Amino acid sequence: MLKYLSRKLLSGICLLFIVSAVTFVLIFGSTENVARNILGESATTEDIAAYNHQLGIDRPLLVQYGSWLQGALSGDLGDSWTRNQRVAPSLQSRLPVTLSIVGVAVLLTGVFSVVLGVTAAVRRGLADQIIQVISVVGFAIPNFWLGLLLVLLFAVHLQWLPPTGYVSFSASPKQWAAALVLPVAALVFSGIASSSQQVRGAVIDALNQDYVRTLRARGVRRSSILYRHALRNALPAALTVLSVQFVALLGGAAVIERIFAIPGLGSLTVDAALQGDVPVLMGVVVTLVIVVVIVNIMIDVLNAMLNPKVRLQ
Amino acid sequence: MTDASPQTNATASQGPQRRSMVKSVLKSPLGALSVLLILAVVLTALFAPLIAANDPAAIQIFRVNAAPGDGYLLGGDGSGRDIFSRLVYGARNTLLGTLIAVGVAAIVGVSAGLAAGYHGRKLEVGASWLFDALMALPAMIVLLAFYQALGASIHLSMVVFGVMLSPGFFRLTRTLVKGVKNELYVDAARVSGLSNLRIISRHILRVVRAPVVIQTSIVAGIALVIQAGLEFLGLGDPGTPTWGGVLQSAFENMYVSPQAVIWPGLAISITVASFVLLANSIRDQLQHGGPPARLPKLPERRSVFDRQAEADVLLSLRGVKIGYPGTSGWREVVHGVDLDVRRGEVLGLVGESGSGKSQTAFAVLGLLGTGGHVLDGSILFDGEELLGKSDEEMHGLRGKRIAYVPQEPMSNLDPSFRIGSQLVEPLMTAQGMSRREARAHALDMLGRVGLPDPKRTFNAYPHEISGGMAQRVLIAGAVATYPDLLIADEPTTALDVTVQAEILELLRELQAEFGMTIVMVTHNFGVVADICDSVAVMRQGEIVEQNKVTDLFANPTHDYTKNLLAAVLDDVEVRRYSPPKFAPQEAAQ
């Protein structure tokens, strides 16, 4: 188990290193226009050269990466080019916002897709067909459009919920929850649609196993077959689906935060992308890869604990 | 030779199959609808100038956020441009971007998958790691980060997104190739000296084709949504009309002109939905050769049996017909079986695979596979009619009076639970024992079936014991309730020859000790000769002959039985038991 864990950890660190290097080369390698964009059309060549020197992007790429990496290892991700802010603290203040949205979304996706998937697998017939339709609809409606429709209906028309904004949990749990309802609803719909399909498949697979018939032949009740044996054996597949969903939700949050004016990592990324704030982008990518690696390791460990073959090694 | 020929036929017939595949997708309502919709979008993109009423960039200042009508079919946007015309032209950009992403994803993923699947180990490990890593990256964030580096064109972003979508194709292709790589016809091609490239292009691509088309269709939907999302965020060339861009403009003017939000979203959703529906309908065609048929109505049970079996008959079947739902009504696999099993005897139910012997056995247990039904007939167990009993009523018999020993021991133990808990749970529910009683009894039974260290086995997981031990565990589970009837479905087929003999010996002992009646499903006359008192021979869903074992061996009446016996004569085991006199003549046939 320890060996398994350290192998996963090593693989995650490799991934992080490769992604940071590739991203760095790509986005720091194309910074010719940055100074022009920031200083404006009237800037002279000297102004631009001076500004480039100030940002440090007149140095060779490898040197830049070296100094960035050195800083990053000690938690310093440099200065933002467009905001008067250091990158690391601004990420630190925005990460919890995004994680709270995505966390709630993952939780809901898990609960709903297990309930719907199991229902579809067991009851087949009409329930199954309804869930199949939902899955097509959920796949086809992009979360940003759904978000706009929800705002129009519940915030503008019915005025039940705030259209935009975010209140931190510590400030007011009630307002926090109210602010989260619409963005989370917009985010989870497509995830539930696709995950419930996969849970359905995993449960059907489990129910078709030979041992189910044997247990039934020995007089084990249907409910125990389903909730004890089939669900237990479908769980690893469901967890893997959730880890994929988590990654998708992180991406989806970028758009959703923009629509609902939520000060999270996603809206920060969009602003930085449009303004060419390269250090911020670099910081966001690295932070999110770390988050994904941690979540994936957690899922791997959970799966390993669920699988006696791995657990006993 | 006999093994290889059907495979070759299967490959050879792929050509016409594919043509009929396209046809049947077009014939299914959803398939036709989705193809029509996709075609409509493509034609809109191609003939945009003819369809759009206005120049998509033309600004009419008095039409800012105008309501639909008056030349602006869907109203005007925040700058006074015609939303409808912008959407029509937007189809071009959208489809091109989607095509780029899908093309890159398919080419990268499929070729890497072919290589990794076909050439194996080293390449596979590296490639798999790389593609897994790609899947761990949130695509939207990566595309946003690369946006400045890639420049204003959304199409470059779609190239990158194509690479990020390639793991789906990679995994799919690798799995399919690994499955088909060791098929006999691929071996044959290799032996006959065909180059790897030819083998891949001729044999393997053929298998991969349909699943890749499905994946392509789904990926197209994903790519379209992501592209629209990027455009919605304001990325891409502001000069080009795009669906995402139209939605962004509608979002900015949402409080003034809310209806404008609807149209670009509809365009995106309908197009994506038609991609998914196309994928679903191809998948349905592949899986069942048609859309999942609604369960056909159960036919009325024509024969009503109000009968009593002879007193010494424990299990009596009359006219039992078993069917599974097919594309056109019920597909009958057992056509009216009559069978009597006397108390205390061991009956061999013999036949080749597919003869319906296992189905008949499952019907007695009330555990037919998904969708399976007894369509007609009567099954009397100890004078009690089993057909028509609810699951709850059957529950009172299974695990108490009727027990089951399966064929493949390893797959019949739940891998996630300890062996002990799998034995204790049924004893508690079916027998109403307390946990402690059930545990003690299970340990007793494990010892009784000859496991050297019952406690260790009790605490082990299925993967920690051998196949022979697993079969003993399953026998222990079956006989733990001292059932009247034990149904054993080829209990020795999956085991080593030496273990086979031990298991048969164990069953014989237990049968004598508990006075059980056993129905032994088998295709092996050696087993029949070894353990059975009487035998019923099945063929193509019917019983062709039933007799005492000694009589049947001495004097088989049905031609099929004769053939079966003749075929068995090569088997050394049978000679040891009862060297039949008719052997030379029969073997000469």
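Chain B appears in an unreviewed UniProt entry as Oligopeptide transport ATP-binding protein OppD from Pseudooceanicola marinus.

Where an unreviewed UniProt entry is consulted, chain A appears under the name Nickel transport system permease protein NikB, with the organism given as Pseudooceanicola marinus. What UniProt records for chain A under Sequence similarities (unreviewed entry) is the sentence "Belongs to the binding-protein-dependent transport system permease family." The UniProt entry for chain A carries this comment under Subcellular location (unreviewed entry): "Cell membrane".

**Here's the deal with the overall build of chain B**
Within chain B one finds 24 helices and 10 strands. Relative to its full complement of 589 residues, chain B shows a buried share of 52%. In chain B, of all internal contacts separated by at least 6 residues, the share reaching a separation of at least 24 is 69%. Summed over its atoms, the accessible surface of chain B is roughly 26,100 Å², and 58% of this surface lies on carbon and sulfur atoms.

**A few points about the side chain of Ser-358 of chain B**
All names here are of chain B. Inspection of the secondary structure puts Ser-358 in helix 13 (residues 357-365). A polar side-chain atom of Ser-358 sits 3.1 Å from a polar atom in the side chain of Asp-489. Leaving out residues up to four positions away in the same chain, Ser-358 has contacts with Asp-489 and Val-521.

**What about the UniProt feature "transmembrane region" (unreviewed entry) in chain A?**
Residue and element names in this part refer to chain A. UniProt records the feature "transmembrane region" (unreviewed entry) for residues 9-29, 99-122, 134-156, 176-193, 234-260 and 280-302 in the present numbering. Helix makes up 100% of residues 99-122 and strand 0%. Its end C-alpha atoms lie 34 Å apart. Counted over residues 280-302, helix gives 100% and strand 0%. Its end C-alpha atoms are 33 Å apart.

**Remarks on the pairing of strand 4 (residues 373-381) of chain B**
On a regular strand, each side chain points to the face opposite its neighbour's, so the side chains alternate between the two faces of the sheet. Where burial is concerned, most of strand 4 of chain B is hidden: 8 out of the 9 residues are buried. Hairpin connection from strand 4 of chain B to strand 5 (residues 384-385) of chain B: 2 residues lie between these consecutive antiparallel strands, with Asp-382 of chain B at a positive phi of about 50 degrees.

**A few points about the pattern of salt bridges**
Here the structure, examined in full by the defined rule, presents 25 salt bridges over all chains. One salt bridge in this structure joins Arg-221 of chain A and Glu-392 of chain B, with 3.0 Å as the shortest N-O distance. Placement of the pair is Arg-221 of chain A in the loop between helix 9 (210-217) and helix 10 (222-259) and Glu-392 of chain B in helix 14 (residues 391-395), with the two residues belonging to separate chains. Its relative accessible area of 33% is what places Arg-221 of chain A among the partly exposed residues. Linking Arg-318 of chain B and Asp-340 of chain B is a salt bridge whose minimum nitrogen-to-oxygen distance equals 2.8 Å. Residue Arg-318 of chain B is located in strand 1 (residues 313-325), and its partner Asp-340 of chain B is located in strand 2 (residues 330-342); the two are separated by 22 residues in the primary sequence. Given a relative accessible area of 25%, Arg-318 of chain B falls into the partly exposed group.

**Here's the deal with the UniProt feature "domain: ABC transmembrane type-1" (unreviewed entry) in chain A**
Here, UniProt's "domain: ABC transmembrane type-1" (unreviewed entry) annotation points to residues 95-303 of chain A. Taken end to end, residues 95-303 of chain A has its terminal C-alpha atoms 26 Å apart, with 85% of it in helix and 0% in strand.

**A few points about the sheet that holds strand 4 of chain B**
Residue and element names in this part refer to chain B. Strand order across the open sheet formed by 4 strands is 2-1-4-5, with antiparallel pairing between neighbours. The sheet is open, and its two borders are formed by strand 2 and strand 5, each paired with just one other strand. Bridge analysis of strand 1 against strand 2 gives 10 bridges, and the strand direction is antiparallel. When the bridges of strand 2 are listed, Ser-316 appears paired with Asp-340. The sheet strands contacting helix 13 are strand 1, strand 2 and strand 4, and the helix crosses strand 1 at an angle near 110 degrees.

**Notes on the domain arrangement of chain A**
It is common to report an interface's size as the accessible area lost on association of the parts. Residues and elements named next belong to chain A. According to the domain assignment, chain A consists of domain 1 (2-73) and domain 2 (98-306). Here the C-alpha centre of domain 2 lies 33 Å away from the C-alpha centre of domain 1. Contact between domain 1 and domain 2 buries roughly 1,300 Å² in total, counting both sides, with carbon and sulfur atoms accounting for 87%. Of all residues in domain 1, Tyr-4, Leu-16 and Ile-27 give up the largest surface area on contact with domain 2, accounting jointly for 32% of the area buried on that side. The tally of links from domain 1 across to domain 2 stands at 1 salt bridge. A salt bridge links Asp-300 to Lys-8, with the nearest nitrogen and oxygen atoms 3.6 Å apart.

**What to know about unusual backbone geometry**
Peptide bonds are trans in most cases, and residues, glycine excluded, mostly fall at negative phi. Residues and elements named next belong to chain B. One non-glycine residue, Tyr-482, lies in the positive phi region at around 45 degrees. Residue placement: Tyr-482 occurs in the loop between helix 18 (467-479) and strand 7 (485-489). Here Tyr-482 falls in the partly exposed class, since its relative accessible area comes to 45%. Its identity is not glycine, yet Gln-540 carries a phi of approximately 45 degrees, on the positive side. Structurally, Gln-540 can be placed in the loop between strand 9 (534-539) and strand 10 (542-548). Residue Gln-540 is classed as exposed on the basis of its relative accessible area of 55%.

**As for helix 12 (residues 278-306) of chain A**
Between its first and last C-alpha, helix 12 of chain A extends 42 Å over 29 residues, near the 42 Å set by a 1.5 Å rise per residue. In terms of burial, helix 12 of chain A is a largely internal element, 22 of the 29 residues being buried.

**Some words on a nonpolar patch on the surface**
Residues and elements named next belong to chain B. Together, Leu-36, Leu-39, Val-42, Leu-43, Leu-46, Phe-47, Leu-50 and Ile-51 make up a nonpolar patch on the protein surface, roughly 770 Å² of accessible area in all. Of all the secondary-structure elements, those providing two or more residues to the nonpolar patch are helix 3 (29-46) and helix 4 (48-51). When residues of the nonpolar patch are assigned to their parent elements, the largest contribution, 5 residues, is made by helix 3.

**Regarding empty space enclosed by the protein**
Applying the stated rule across the entire model yields 3 cavities of 30 Å³ or more. The calculated volume of the largest cavity comes to roughly 100 Å³. Taken together, 14 residues line the largest cavity, and the ones lying closest to its centre are Arg-218 of chain A together with Leu-427, Ala-476, Gly-477 and Ala-480 of chain B. Of all the secondary-structure elements, those providing two or more residues to the lining of the largest cavity are helix 15 (419-431), helix 16 (435-448) and helix 18 of chain B. Of the residues contributing to the lining of the largest cavity, the split by class is 10 nonpolar, 3 polar and 1 charged. Volume-wise, the second largest cavity comes out at about 50 Å³. If you trace the second largest cavity, you find it lined by Leu-315, Leu-317, Leu-339, Leu-349, Thr-360, Ala-361, Val-364, Ile-487 and Val-519 of chain B. Examining the composition of the lining of the second largest cavity, we find that 3 residues originate from one element, helix 13 of chain B, more than from any other. Taken together, the residues that form the lining of the second largest cavity break down as 8 nonpolar, 1 polar and no charged.

**Overview of the sheet that holds strand 10 of chain B**
Residues and elements named next belong to chain B. Reading across from one edge, 6-7-8-3-9-10 is the order of the 6 strands in this open sheet, with mixed pairing throughout. Of all strands in the sheet, those with a lone pairing partner are strand 6 (402-405) and strand 10, marking the two edges. Strand-to-strand twist across the sheet, computed as the mean angle between neighbouring axes with direction ignored, equals 15 degrees. Pairing of strand 6 with strand 7, which is carried by 4 bridges, proceeds in the parallel orientation. Bridge assignment links Tyr-404 to a residue of strand 7, and that residue is Ile-487. Relative to the sheet, helix 13 contacts strand 3 (346-350), strand 6, strand 7, strand 8 (517-522) and strand 9, its axis offset from that of strand 7 by approximately 145 degrees.

**Observations concerning the interface of chain B and chain A**
At the interface, 75 residues of chain B touch 67 residues of chain A. Joining chain B to chain A, the criterion identifies 4 salt bridges. Seen at the junction of chain B and chain A, the total is 20 residue pairs in polar contact (both at pLDDT 80 or more). At 10 residues, the largest contribution of residues to the side of chain B that touches chain A is made by helix 12 (residues 262-288) of chain B.

**As for the UniProt feature "transmembrane region" (unreviewed entry) in chain B**
Residue and element names in this part refer to chain B. As recorded in UniProt, the sites labelled "transmembrane region" (unreviewed entry) are residues 30-52, 95-117, 129-147, 153-172, 207-230 and 261-279. Counted over residues 30-52, helix gives 91% and strand 0%. Its end C-alpha atoms are 28 Å apart. Between the C-alpha atoms that bound residues 129-147 there is a distance of 26 Å. The span itself is 84% helix and 0% strand.

Conventions and cut-offs
- Residues numbered from 1 in each chain as written.
- Chains lettered and ligands numbered in written order.
- Predicted model: local features only at pLDDT ≥ 70, side-chain atom pairs only at ≥ 80, totals over all residues.
- Heavy atoms only, no water.
- UniProt positions renumbered as here; feature names shortened; annotations may be inferred.
- Helix = DSSP H or I, 4+ residues; strand = E, 2+ residues; numbered from the N terminus.
- Buried < 20%, exposed > 50% of the residue type's maximum accessible area, 1.4 Å probe, protein only.
- Contact = heavy atoms within 4.5 Å.
- Areas by Shrake-Rupley, 256 points an atom, 1.4 Å probe, with all protein chains shown as cover.
- Polar contact = N/O pair within 3.5 Å; in protein donor to acceptor, adjacent residues only side chain to side chain.
- Pairing = 2+ DSSP bridges.
- Salt bridge = Lys/Arg side-chain N within 4 Å of Asp/Glu carboxyl O.
- Axes fitted to C-alpha atoms, helices over the stretch in contact; angles between N-to-C directions.
- Domains from an automatic or database assignment.
- Buried area = accessible area lost by both parts, 1.4 Å probe.
- Expected span 1.5 Å × (residues − 1).
- Patch = residues over 30% accessible without salt bridge, like charges linked within 9 Å, V, L, I, M, F, W, Y side chains within 5 Å.
- 1 Å grid on protein atoms, 1.4 Å probe; cavity = no way out; pocket = protein on both sides within 12 Å on 5 of 7 lines; lining within 4 Å.
- Points joined across faces, edges and corners; volume = space filled by probe spheres on them.
- Nonpolar A, V, L, I, M, F, W, Y, C, P; charged D, E, K, R; others polar.

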